[in-house]
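In case you want the letters, here they are:
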Amino acid sequence: LLGPRPGTPRLGRLLLGDCGLAGGAFPRALARAMRPPADPSAGLGCRVKFLDVSRNCFDNEDLQAVFGVLTPASDCPILHLRVSYQFSDQPVTGVLPVSWATYQALHNVLKHNTSLKKLGIELNDAHWRDQILRCTLRNVDIARMLRLSTGQQ
């Protein structure tokens, strides 16, 4: 489904929100499928612009694997990513609290990513909220400057 296949249409929107997906192998397979092909001349890179994996059962390590699709080496220019409200066995809310390491992994990826403009995740830590929002605002500014330089409105 996710891998490039000659003669098949490319996915533009991958909506896997609220599908009951468990962590483990799936987030890692998703990250592998969105990597560039071994043969760059094939021209079968990823075209997913909108990825929604919210409201599933991913833990922090799974979220970090999903963030791997945002690296510049992944050749997948995702514009909108939703990963919020991951269900867990937390006694009060039932929603996974995002760890410091997960915020840090997201920020490290976004420092080099210039395509992501919208991010759906609960940013409860003030430090990481500031750092991550700066990266997404930078991307929006870059897109606006490119649009203005080409004469598009």
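Higher on the page you've got the structure.
It should be emphasised that the depicted structure is a prediction, and the values quoted were computed from it without experimental measurement.

Each value, and the rule that gives it
- Residues numbered from 1 in each chain as written.
- Predicted model: local features only at pLDDT ≥ 70, side-chain atom pairs only at ≥ 80, totals over all residues.
- Heavy atoms only, no water.
- Axes fitted to C-alpha atoms, helices over the stretch in contact; angles between N-to-C directions.
- Helix = DSSP H or I, 4+ residues; strand = E, 2+ residues; numbered from the N terminus.
- Parallel < 35°, antiparallel > 145°, perpendicular 65-115°, else oblique.
- Contact = heavy atoms within 4.5 Å.
- Nonpolar A, V, L, I, M, F, W, Y, C, P; charged D, E, K, R; others polar.
- Buried < 20%, exposed > 50% of the residue type's maximum accessible area, 1.4 Å probe, protein only.
- Salt bridge = Lys/Arg side-chain N within 4 Å of Asp/Glu carboxyl O.

S.K.: Quick rundown of the packing of helix α2 (residues 60–67) against helix α3 (residues 100–110)? Include the residues and the values.
M.R.: Closest axis-to-axis distance for the α2/α3 pair is 9 Å, and the angle between their directions is 5 degrees. By the angle between their axes, α2 is roughly parallel relative to α3. Contacts between α2 and α3 involve Asn60, Leu63, Gln64 and Phe67 from the former and Ala101, Thr102, Ala105, Leu106 and Val109 from the latter. Tallied by class, residues from the contact of α2 with α3 come to 6 nonpolar, 3 polar and no charged.

S.K.: Which residues make up unusual backbone geometry, and what are the values?
M.R.: You will see that Asp18, though not glycine, has its phi angle at about 60 degrees, which is positive. The exposure class assigned to Asp18 is exposed, which follows from its relative accessible area of 51%. Here Tyr85, not a glycine, exhibits a phi torsion of approximately 55 degrees, which is positive. Structurally, the position occupied by Tyr85 is in the loop between β3 (80–82) and α3.

S.K.: Please set out the pattern of salt bridges residue by residue, giving values where relevant.
M.R.: Following the criterion strictly, the structure yields 4 salt bridges and no others. Among the salt bridges present, the one from Arg82 reaches Asp52, with a minimum N-O distance of 3.6 Å. Here the residue Arg82 occupies a position in strand β3, and Asp52 occupies one in strand β2 (residues 50–52), the gap between them amounting to 30 residues. Judged by its relative accessible area of 6%, Asp52 is buried.

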